[in-house]
Amino acid sequence: MLNLVLFGPPGAGKGTQSQKLIEKYGLIHLSTGDLLRSEITQGTELGLEAKKLMDHGILVPDEVVIGMISHKLDANRDAKGFIFDGFPRTVAQAEALDKLLESKNAPISVMIALEVNDDELEKRLLLRGKDSGRPDDANPEVIRKRIKEYNDKTAPVAGFYKNQNKFKSINGIGSVGEIFDGISNVIGSY
Ligand code: B4P
């Protein structure tokens, strides 16, 4: 079973690369951002609470996203493997994910981090904001808040996987195809 964590700051290209990985490797894509946006669109209580935080670039509480991932793992018991996109985003989430996967005897194979500088991130997200309709992409202040949340709470998650010798980093600047080739090379060694 191939279980991949795709890691990187907001706008690094995790969602973009996930689409290509699904096609090539037939993995199940679990994006906590997509799951939360779907709750918002459906107008659920969870979605309404999450929206208040996401619109300001703040992470939603760990127990909410851990619960969502746990449900999705249970609903896909026969999967060949998973791409975790935008999860784990805190060390507490990473610890919870290890526990969930331990009970299924299918640990994380590797974390692949996409490295992109802050100026490029801001540029990409503002560009996407022109047609995505996402409030968190529309405002430079919110984008900077998301990057700060990443540096404060998410960046330490890399250390969690480094300690397990499961961390690989890739240059996230270049064409989508070039970056995908870099990711595929890493996966090829597992
Ligand atoms: P997410 O939905 O996870 O999204 P993201 O960080 O914005 O984007 P991603 O890295 O996937 O970028 P993409 O490929 O789209 O998070 C949104 C919010 O949800 C968070 O701020 C938080 O509030 C909440 N949340 C989600 N998960 C959570 C968790 N686990 N815990 C707590 N809160 C959570 O690329 C961005 C843009 O760049 C696109 O327009 C794309 O076309 C472009 N692009 C991609 N690759 C490119 C390249 N090589 N060159 C040029 N442009 C490129």
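Residues numbered from 1 in each chain as written. Predicted model: local features only at pLDDT ≥ 70, side-chain atom pairs only at ≥ 80, totals over all residues. Heavy atoms only, no water.

Participant: Explanation requested: the overall build of the protein chain in the structure shown.
Facilitator: Counting its regular elements, the protein chain contains ten helices and five strands. For 190 residues, the compact-globule estimate of 2.2 N^0.38 gives 16 Å, and the C-alpha radius of gyration of the protein chain, at 16 Å, lies within 12% of that figure. Dimensions of the protein chain, computed from the C-alpha atoms along their principal axes, are close to 40 × 40 × 30 Å. Of all 190 residues assigned to the protein chain, the portion counted as buried reaches 47%. Counting contacts in the protein chain only where the partners sit at least 6 residues apart, residues at least 24 apart contribute 75% of the total. For the protein chain, the exposed surface amounts to about 9,600 Å²; the carbon and sulfur share of it is 50%. Mean positive and mean negative side-chain charge positions of the protein chain (25 and 27 charges, respectively) differ by 2 Å. (Helix = DSSP H or I, 4+ residues; strand = E, 2+ residues; numbered from the N terminus. Rg over C-alpha atoms; globule rule 2.2 N^0.38 Å. Buried < 20%, exposed > 50% of the residue type's maximum accessible area, 1.4 Å probe, protein only. Contact = heavy atoms within 4.5 Å. Areas by Shrake-Rupley, 256 points an atom, 1.4 Å probe, with all protein chains shown as cover. Lys, Arg positive; Asp, Glu negative; His and termini not counted. Charge placed at Lys NZ, Arg CZ, Asp CG, Glu CD.)

Participant: Sorry, what's going on with the site of the ligand here?
Facilitator: Neighbouring residues of the ligand: 29 residues in total, closest Thr16, Thr32, Arg37, Arg128 and Arg146. Contact between the ligand and Lys14: an oxygen atom at 2.8 Å from a side-chain N or O atom of the residue. A distance of 2.4 Å separates an oxygen atom of the ligand from a polar atom in the side chain of Arg128. Sort the elements by how many residues they give to the shell around the ligand and helix 2 (residues 32-42) lands first, with four residues. (Near = heavy atom within 4 Å. Polar contact = N/O pair within 3.5 Å; in protein donor to acceptor, adjacent residues only side chain to side chain.)

Participant: Would you take a moment to explain the environment of Ile173 for this structure?
Facilitator: Relative to the assigned elements, Ile173 resides in the loop between strand 5 (167-171) and helix 10 (176-188). For the pair Ile173 and Gln19, spaced 154 residues apart in sequence, the C-alpha separation works out to 17 Å. Those residues within four positions of Ile173 in sequence are excluded, and the remaining contacts are Glu115, Val116, Asn117, Glu120, Arg124 and Ile179.

Participant: Explain the packing of helix 2 against helix 4 (residues 62-75) here, please?
Facilitator: For the pair helix 2 and helix 4, interaxial distance at closest approach is 11 Å and the crossing angle is 100 degrees. The pairing of helix 2 with helix 4 is recorded here as roughly perpendicular in orientation. Every residue of helix 4 that contacts helix 2 at Thr32, Leu35 and Leu36 is listed here: Val64, Val65, Met68, Ile69 and Lys72. Tallied by class, residues from the contact of helix 2 with helix 4 come to six nonpolar, one polar and one charged. (Axes fitted to C-alpha atoms, helices over the stretch in contact; angles between N-to-C directions. Parallel < 35°, antiparallel > 145°, perpendicular 65-115°, else oblique. Nonpolar A, V, L, I, M, F, W, Y, C, P; charged D, E, K, R; others polar.)

Participant: Could you clarify how one ought to interpret the nonpolar core in this entry?
Facilitator: The tendency in soluble globular proteins is for nonpolar side chains to be buried side by side. Grouped together as the largest cluster of nonpolar side chains are 28 residues, with contacts concentrated most on Ile69, Leu73, Phe84, Leu97 and Tyr161. Contributing elements (two or more residues each) for this core: strand 1 (2-7), helix 2, helix 3 (45-54), helix 4, strand 3 (81-85), helix 5 (91-102), strand 4 (110-115) and helix 9 (156-162). Residues Tyr25, Leu27, Ile143 and Ile147 belong to the second largest nonpolar core, which totals 22 residues. (Core = buried A, V, L, I, M, F, W, Y, C linked by side-chain atoms within 4.5 Å.)

Participant: Any chance you could explain the pattern of salt bridges here in plain terms?
Facilitator: When the charged atoms of two side chains with opposite charge come close together, those side chains can pair. The tally for this structure, following the rule as stated, stands at 15 salt bridges. A salt bridge links Lys104 to Asp74; its shortest N-O distance comes to 3.2 Å. Of this pair, Lys104 sits in the loop between helix 5 and strand 4 while Asp74 sits in helix 4, and the two are 30 residues apart along the sequence. Using a relative accessible area of 32% as the deciding quantity, one classes Lys104 as partly exposed. (Salt bridge = Lys/Arg side-chain N within 4 Å of Asp/Glu carboxyl O.)

Participant: What is the right way to look at helix 4 in this model?
Facilitator: For an α-helix, the turn length of 3.6 residues means that residues three or four places apart are oriented alike. For helix 4, with 14 residues, the first-to-last C-alpha span of 20 Å sits near the 20 Å given by 1.5 Å per residue. Looking at helix 4, one finds that the buried residues are Val65, Met68, Ile69 and Leu73. In an axial view of helix 4, the angular spread of the buried residues amounts to 135 degrees, which keeps them on one side of the axis. Seen from the open side of helix 4, the exposed residues pointing more than 90 degrees away from its buried face are Glu63, His71 and Ala75. (Expected span 1.5 Å × (residues − 1). Arc of directions from axis to C-beta.)

Participant: Honestly, the packing of aromatic side chains in this entry has me stumped. Any pointers?
Facilitator: With the rule as written, the count across this model stands at three aromatic pairs. The interplanar angle of 45 degrees and the centroid separation of 5.8 Å between the aromatic rings of Phe7 and Tyr150 together place this pair among those described as tilted. Taken as a pair, Phe7 in strand 1 and Tyr150 in helix 8 (residues 140-154) lie far apart in primary sequence, 143 residues in all. Given a relative accessible area of 4%, Phe7 falls into the buried group. A centroid spacing of 5.9 Å and a plane angle of 35 degrees characterise the contact between Phe82 and Phe84, whose relative ring orientation is tilted. Comparing Phe82 with Phe84 shows no difference in burial state: the two are buried. (Phe/Tyr/Trp six-rings, centres within 6.5 Å; stacked < 30°, edge-to-face > 60°.)

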